[in-house]
Amino acid sequence: MKSTYQELELIDGTKVKLTLNFARLLRIKNRDPKFYDDLMRILQYKDFDVIFDTIRVLYAGYLCAKGENDEVLTEEQFMELVPFNLENNDRLAGKLIRGGK
């Protein structure tokens with residue numbers, strides 16, 4: 001199945017693509033096992049924090065959408081740029097997790 005991309009407009013007007021796919025999640029797992037383990041906890045809805053865990057899913061989608069040699073924002077930089085729109089953030093995270101056609 002082809003990866004589905006979502007788009008998120010950051011507060012500075014930059015539009016970033018988000019996706020989740022197995023190969024790129026493996027790349028995250030190899031580079032940052034702690035982040036990956038936390039993401040797996042989130043995807044199992046263990047101690048789910050509706051604000052920050054949602055942002056973490058979006059950040060994982062951001063990392064997966066980036067190429068291996070692309071410059072990326074740190075998680076904190078990304079968090080500072082995500083609009084404070086809980087409904088939209090939750091909707092985008094849900095689309096990433098559920099995938100699509």
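I'm lost on helix 1 (residues 22-31) in this one. Help?
In an α-helix, one full turn covers 3.6 residues, which means residues spaced three or four apart are oriented alike. When we look at burial in helix 1, the residues that qualify are Leu25, Arg27 and Ile28. Viewed along the axis of helix 1, the buried residues span an arc of 155°, placing them on a single side of the element. Helix 1 presents Phe22, Ala23 and Asn30 as exposed residues on the side facing more than 90 degrees away from its buried surface. Tucked into the core, helix 1 has its buried residues touching helix 2 (33-43) and helix 3 (52-65). Put simply, Asn21 is the residue that caps the front of helix 1, since its side-chain oxygen is 3.3 Å from the backbone nitrogen of Ala23.

Before we go on, may I ask you to explain the pairing of strand 2 (residues 15-18) in this structure?
Looking down a regular strand, the side chains alternate between one sheet face and the other. Only one face of strand 2 is buried, namely the one carrying Val16 and Leu18, since none of Lys15 and Lys17 on the opposite face is buried. In this sheet, strand 2 lies alongside strand 1 (residues 6-9) in antiparallel orientation, the contact comprising four bridges. Each residue of the ladder has a partner; that of Glu9, found in strand 2, is Lys15. In sequence, strand 1 turns back onto strand 2 through a hairpin of five residues, with Gly13 there showing a positive phi of about 90°.

Which parts of the structure should I look at to understand the side chain of Arg27?
As for its position among the elements, Arg27 is in helix 1. At 4.3 Å, Glu68 is the nearest oppositely charged side chain to Arg27, a buried residue that forms no salt bridge. For Arg27, the side chain forms a polar contact with the main-chain oxygen of Lys66, separated by 2.9 Å. For Arg27, the contacting residues outside a window of four places in its chain are Leu63, Cys64, Lys66, Gly67 and Glu68.

Reading the values: rules and limits
Residues numbered from 1 in each chain as written. Predicted model: local features only at pLDDT ≥ 70, side-chain atom pairs only at ≥ 80, totals over all residues. Heavy atoms only, no water. Buried < 20%, exposed > 50% of the residue type's maximum accessible area, 1.4 Å probe, protein only. Helix = DSSP H or I, 4+ residues; strand = E, 2+ residues; numbered from the N terminus. Arc of directions from axis to C-beta. Contact = heavy atoms within 4.5 Å. Polar contact = N/O pair within 3.5 Å; in protein donor to acceptor, adjacent residues only side chain to side chain. Pairing = 2+ DSSP bridges. Lys, Arg positive; Asp, Glu negative; His and termini not counted. Salt bridge = Lys/Arg side-chain N within 4 Å of Asp/Glu carboxyl O.

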